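A structural walkthrough
Below are the chains, spelled out letter by letter.
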Amino acid sequence: MARKVTKAIFPVAGLGTRFLPATKSVPKEIMTLVDRPLVQYAIDEARAAGITEFIFVTSRGKSALEDYFDHNQILEQTLKEKGKDDLLETLNATNMESGAIAYIRQHKALGLGHAVWCARRLIGDEPFAVMLPDDVIAGDKPCLQQMIEAYEETGGNMVATMEVPSEKTSSYGVLDVGDNIGTVVRARGMVEKPKPEEAPSNLAVIGRYILRPSVLYNLNQNKQGSGGEIQLTDAIAEDIRNGVPVFGYKFDGQRFDCGSKAGFLQATVAFALARDDLREDLQKYLHDVVATGQAAQ
């Protein structure tokens, strides 16, 4: 039986340049989908999967992210005094207990693999999850929970996968697929951002991983890969060459790429339409926009 996964790494050191000027002072990870920051969706998903230790790899200018998970005693007291118990319950869900969360600085932007490697001393010899808050996944069962249930049967390393158009493979890590066992596929190899004509498949890796500590050992070599960065994909592929099984998990749910403006807007609309308190007004507005062909300028 695979060892229980209780730790998750959240690489959040990026500058968020695609969302400038907003990210000049606001970390991208606390930009909101409706009324919850991106990172809250990731935290809620991790908690549902049984994660109890949360490791954030950050950089300069991310203090607002750290403050978000802290207790705000003045705000909590104000809500209590005004009898706003529903808002107080919502607020309490954002708090992290002392010792449950850790922050590590990534001083140089050397790639996702390097960001994960920065957390190596807090992982030790345990399996761990990696979650990219930019990838928001809506589903009846949280994506990481689906993966952990499958991982308990397979062991090894596991990555979340989805099919993408062939022309989009250069934006992803891509699996060279071996055995296909329903929602789980065995990978023969992995390639980071291959050209469409060189991609081994159209099965792309998205921002959920369950990894063995051997991947951290591979990252110790600090090998530069695609784009001159230290790629997590390359370290996982090294495990395959060393005989460690790597599985792709075809999750059930809809993924939104909130690292792009279009994906962020699509997610905002989708999550708002899922809300009983917002659906009617938003549907009417969208209907009017489509009918008139005009939107706010």
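Provided above is the structure to which this section pertains.
Residues numbered from 1 in each chain as written. Predicted model: local features only at pLDDT ≥ 70, side-chain atom pairs only at ≥ 80, totals over all residues. Heavy atoms only, no water.

**Quick notes on the pairing of strand β1 (residues 7-11)**
Extensive coverage of β1 is indicated by the burial of five of its five residues. Side-chain alternation along β1 places Lys7, Ile9 and Pro11 on one buried face and Ala8 and Phe10 on a second face that is also buried. Here β1 pairs with strand β4 (residues 53-58) via five bridges, running parallel. Each bridged residue has a counterpart across the sheet, and for Lys7 the counterpart in β4 is Glu53. Direction of pairing for β1 relative to strand β6 (residues 128-131): parallel, over a ladder of two bridges. Residue pairing for β6: Ile9 is matched across the bridge by Val130. (Buried < 20%, exposed > 50% of the residue type's maximum accessible area, 1.4 Å probe, protein only. Helix = DSSP H or I, 4+ residues; strand = E, 2+ residues; numbered from the N terminus. Pairing = 2+ DSSP bridges.)

**Comments concerning the nonpolar core**
Phe10 and Phe56 are the most contacted members of the largest nonpolar core, which totals 36 residues. Those elements that provide at least two residues to this core are β1, α1 (38-48), β4, β6, α7 (143-154), β8 (157-163), β11 (203-211) and β12 (246-250). Of all the elements, α7 adds the most residues to this core, at six residues. Those residues within four positions of Phe10 in sequence are excluded, and the remaining contacts are Ala42, Ile43, Ala46, Phe54, Ile55, Phe56, Val57, Met131 and Pro133. By size, the runner-up hydrophobic cluster in this structure holds 32 residues, among which are Ile104, Phe128, Val215 and Ile240. (Core = buried A, V, L, I, M, F, W, Y, C linked by side-chain atoms within 4.5 Å. Contact = heavy atoms within 4.5 Å.)

**Remarks on the layout of surface pockets**
Approximately 1400 Å³ is the volume attributed to the largest pocket. What lines the largest pocket is a set of 44 residues, among which Arg18, Lys28, Leu112, Leu132 and Asp134 lie closest to the centre. At the level of elements, α5 (112-117), β11, α9 (232-241) and β13 (254-257) are the ones that each hand at least two residues to the lining of the largest pocket. Looking at the lining of the largest pocket, the element that brings in the most residues is β11, giving four residues. (1 Å grid on protein atoms, 1.4 Å probe; cavity = no way out; pocket = protein on both sides within 12 Å on 5 of 7 lines; lining within 4 Å. Points joined across faces, edges and corners; volume = space filled by probe spheres on them.)

**Concerning unusual backbone geometry**
Put simply, Leu20 and Pro21 share a cis peptide bond, and its omega is 10°. Position of Pro21 among the secondary structure elements: in the loop between β1 and β2 (32-33). One non-glycine residue with positive phi stands out, namely Val34, at about 65°. One can find Val34 in the loop between β2 and β3 (36-37). Overall, Val34 belongs to the partly exposed group, its relative accessible area being 27%. The phi torsion at Lys193 lies on the positive side, around 50°, for a residue other than glycine. Mapped onto the fold, Lys193 is located in the loop between β10 (184-192) and β11. What makes Lys193 partly exposed here is its relative accessible area of 40%.

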